[in-house]
Amino acid sequence: MGEINFGLCPHCGSAEIVCVPSSMNDGFNRSGIAVSALRVIPFSRVICLQCGLVREWITDRVHLDLLRKKFGPKR
Ligand SMILES: [Zn+2]
């Protein structure tokens, strides 16, 4: 299972980036995408500590595979 590399901030180029996973009880609106009636893929928030840019990120490759199955090009 490969680590997903968040890289540098696309806005300011800083490497000071934190990833805040979304969870059921963090008190904020969760964002995510439903792939079935029972399954929602949560987005983690990736935040640049220099300029404050917030990105949303899917950090689990299993989830990416689910998205590929549902929305990806049919073969
Ligand atoms: Zn930045």
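Within every chain, residues take consecutive numbers counted from 1 along the sequence as written. Predicted model: local features are reported for residues with pLDDT of at least 70 only, side-chain atom pairs are reported and counted for 80 or more only, and whole-chain, interface and lining totals are derived from all residues.

J.: I tried to follow the overall build of the protein chain on my own but got confused; where do I start?
T.: When its secondary structure is counted, the protein chain shows one helix and five strands. The secondary structure listing takes helices from DSSP runs of H or I that are at least 4 residues long and strands from runs of E that are at least 2 residues long, numbered from the N terminus. Its helices and strands taken in sequence order, the protein chain reads β-β-β-β-β-α from the N to the C terminus. Three classes are used. A residue is buried when 20 or more other C-beta atoms lie within 10 Å of its own, exposed when 12 or fewer do, and partly exposed in between, with C-beta atoms placed from the backbone. Buried residues in the protein chain amount to 4% of all 75 residues. In the protein chain, the share of contacts with a sequence separation of at least 24, taken over all contacts with a separation of at least 6, comes to 52%. Residue pairs qualify as contacts under a 7 Å threshold applied to their C-beta atoms, which are placed from the backbone.

J.: What should I look at first to understand the pairing of strand 5 (residues 54-57) in this one?
T.: A regular strand places its side chains so that they alternate between the two faces of the sheet. In the sheet, strand 4 (residues 44-48) pairs with strand 5 via four bridges, with the strands oriented antiparallel. Bridging from a neighbouring strand, Arg45 pairs with Glu56 of strand 5. Strand pairing is defined by DSSP finding a minimum of two bridges between the two strands.

J.: Please explain the sheet that holds strand 4 as it appears in this structure.
T.: Note on sheets: strands pair through backbone hydrogen bonds, and any given pair is parallel or antiparallel. With antiparallel pairing, three strands are arranged side by side in an open sheet as 1-4-5. In the strand order of this sheet, the two ends are held by strand 1 (17-20) and strand 5, each with one partner. Going from strand to strand, the sheet's axes swing by 25 degrees on average, the running direction of each strand aside. For every element, the axis is a line fit to its C-alpha atoms; helices are fit only across the contacting stretch, and the angle between N-to-C directions ranges from 0 to 180 degrees.

J.: What is the right way to read the environment of Lys69 from this model?
T.: Counting through the fold element by element, Lys69 comes out in helix 1 (residues 61-71). Lys69 sits 34 residues away from Val35 along the chain, and the two C-alpha atoms are 9.2 Å apart.

J.: Explain the environment of Phe71 to me, please; I cannot follow it from the model alone.
T.: In this fold, Phe71 is placed in helix 1. Among the residues examined, Phe71 registers 9 C-beta atoms within 10 Å and is labelled exposed. Remark: the alpha-carbon pair of Phe71 and Val35, spanning 36 residues in sequence, is separated by 8.8 Å.

J.: I tried to follow the confidence of the model for the protein chain on my own but got confused; where do I start?
T.: Interpreting fine coordinate detail is not advised for predicted regions of low pLDDT. When pLDDT is averaged along the protein chain, the result is 84, and 83% of the positions lie at 70 or above. Of all secondary-structure elements in the protein chain, the lowest mean pLDDT belongs to strand 2 (residues 32-34), at 84, while helix 1 reaches the highest, 92. Summary of the metric used: pLDDT quantifies the predictor's per-residue confidence within the range 0 to 100.

J.: Please clarify how the environment of Ile41 should be interpreted in this entry.
T.: If you trace the backbone, Ile41 turns up in strand 3 (residues 40-42). If near-sequence neighbours (up to four positions away) are discounted, Ile41 is found in contact with Gly32, Ile33, Val35, Ile58, His63, Leu66 and Leu67.

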